[in-house]
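As a plain string of letters, each chain reads:
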Amino acid sequence: MSKYIERSLEPLILKVAKHFPALVITGARQTGKSTLIKHLFPDADYVTFDSLNIRNYAKDDPIGFLSEYTGTLILDEIQEVPELLSYVKMEIDKNRKLGRFIITGSQQFSLMEGVQESLAGRAAILELSTFSCTEIKSKIKKLKWHELCYRGFYPEIWTNKGIDIELWYSSYIKTFIDRDIKKHLKEQNLYNYGRFIELLAVRTTQELNISSLAKELGLDQKTIQTWISFLIRSQIVFLLPPFYKNLGKRVTKKPKLYFYDTGLVASLTRHRDAELVRNGPISGAFYENLVISELMKQNMAEAKRKNFFYFRENNGLEIDLLIDDPVSPLALEIKSTMTPSLADVNNLLKFIDLSPNQFKAYLVCPSLEKQSFKGVKVINHLGMWFD
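Residues numbered from 1 in each chain as written. Predicted model: local features only at pLDDT ≥ 70, side-chain atom pairs only at ≥ 80, totals over all residues. Heavy atoms only, no water.

Caption draft 1: Inspection of the overall build of the chain at higher detail. Each helix and strand counted, the chain has 18 helices and 13 strands in total. Based on the C-alpha atoms only, the size of the chain along its principal axes is roughly 70 × 50 × 45 Å. Scored against the burial criterion, the 387 residues of the chain give a buried share of 57%. For the chain, the share of sequence-separated contacts (at least 6 apart) that also reach a separation of at least 24 residues comes to 68%. Of the roughly 18,200 Å² of accessible surface on the chain, a fraction of 49% belongs to carbon and sulfur atoms. (Helix = DSSP H or I, 4+ residues; strand = E, 2+ residues; numbered from the N terminus. Buried < 20%, exposed > 50% of the residue type's maximum accessible area, 1.4 Å probe, protein only. Contact = heavy atoms within 4.5 Å. Areas by Shrake-Rupley, 256 points an atom, 1.4 Å probe, with all protein chains shown as cover.)

Caption draft 2: Examining the packing of helix H10 (residues 165-181) against helix H11 (residues 190-202) more closely. At a closest axis distance of 11 Å, the pairing of H10 and H11 adopts a crossing angle of 130°. By the angle between their axes, H10 is oblique relative to H11. Read as a crossing pair, H10 and H11 show a hand that is right-handed. Note on element contacts: H11 touches H10 through Leu190, Tyr193, Gly194 and Ile197, opposite Phe176, Ile177 and Ile181. Here the residues of the contact of H10 with H11 sort into six nonpolar, one polar and no charged. (Axes fitted to C-alpha atoms, helices over the stretch in contact; angles between N-to-C directions. Parallel < 35°, antiparallel > 145°, perpendicular 65-115°, else oblique. Left-handed = near helix turned anticlockwise from the far one by under 90°. Nonpolar A, V, L, I, M, F, W, Y, C, P; charged D, E, K, R; others polar.)

Caption draft 3: Spotlight on the packing of aromatic side chains. Under the defined criterion, the tally for this structure stands at 19 aromatic pairs. Site record: aromatic cluster; members linked through ring pairs are Phe243, Phe309, Phe311, Phe351 and Phe359. Of note, Lys38 hangs over the ring of Tyr46, and the distance from its end group to the ring centre comes to 4.7 Å. One residue, Lys256, lies across the ring of Tyr310, its end atom 5.1 Å from the ring centre. (Phe/Tyr/Trp six-rings, centres within 6.5 Å; stacked < 30°, edge-to-face > 60°. Lys NZ or Arg CZ within 6 Å of the ring centre and 35° of its normal.)

Caption draft 4: Molecular detail of the side chain of Glu10. Tracing the backbone through its elements, the reader meets Glu10 in helix H1 (residues 10-16). Despite being buried, Glu10 has no salt bridge partner; Arg7 is the closest side chain of opposite charge, sitting 6.6 Å away. In this view, Glu10 contacts Tyr4, Leu36, His39 and Leu40; residues no more than four positions away in its chain are not counted. (Lys, Arg positive; Asp, Glu negative; His and termini not counted. Salt bridge = Lys/Arg side-chain N within 4 Å of Asp/Glu carboxyl O.)

Caption draft 5: Structural view of the packing of helix H12 (residues 210-217) against helix H13 (residues 221-233). Where H12 contacts H13, the axes come no closer than 9 Å and their chain directions differ by 110°. The angle between the axes of H12 and H13 places the two elements in the roughly perpendicular class. Contacts between H12 and H13 involve Ile210, Ser211, Leu213, Ala214 and Leu217 from the former and Gln221, Ile224, Gln225 and Ile228 from the latter. Among the residues making up the contact of H12 with H13, the classes are represented as six nonpolar, three polar and no charged.

Structure follows, in structure tokens:
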């Protein structure tokens, strides 16, 4: 049995459980929700709706099912029995004991409908991502950035030493489409959806162009928007909005798309090993996705979240990431080069001129050498994450 790995979200979970009758933990499949909750609440009654018998019992007699449990109750994979949430609401209204229900669910796009309808004001909602680098710090210190991108951060990849990474990801993608997506699509669109996810992976870190995707797949734009919403709510991808506060109308206003996990990107884009990630045509996108998704995961574990943006003017001036923190706002350029130069910080210098005394600028890259260019410090990605 593998050793339990502590999650950054744990302190926030324990805090929230003391303030709400119910706590809902969402996240993509296989992010470790069940393991985490059973570890944090070892004395709670545990029910998983992966069991057909339990699922049928909860559907056929929800009041009888819930009446069997008087203490803290973990309801795992609640999306399998979403109708139970209205009865959970009734139980909470009768007894608002704090931390009474701990609920997990993977299909956020169906789960959240029930939560919003039934548990508004009664439940706190938290998101669990795949492992962040801070959570597996001891395991990754000796790995190169492209090795991290290829492996990705799903817990099974790091806790199962004999795992076939390529086979695991291909199975994961098939399961996601068959179990989470299939029920929402017409049969003829299943192939298109698989192709759609592959096209998004090739475009990771790029501006989201709905019309281009629709044209390539032969579908209407509304369908593409709906399909993207499935991936966002399932926490497979996220959108980085553009920043244009106080900077006029010269800026791009389309969001950029990123994957929460680079291992999925590697699998979907047929990068069969880490060297292909480093030397392939989208190596820069891999590295940018790695850095930004890690910072996003760290942000998800914070009670007071920072706002993330990117910046691009119509004339081509672009900054990969702006962290709009009221205390310490940051502007980051992200480059996969081991040999940074003055040219790599030119956009940062121009952006600073547009917003003087507002953002502190850094160039993030794999280089370990301490250096700076015209006041812009170069920082290794590990230093960005851990320091």
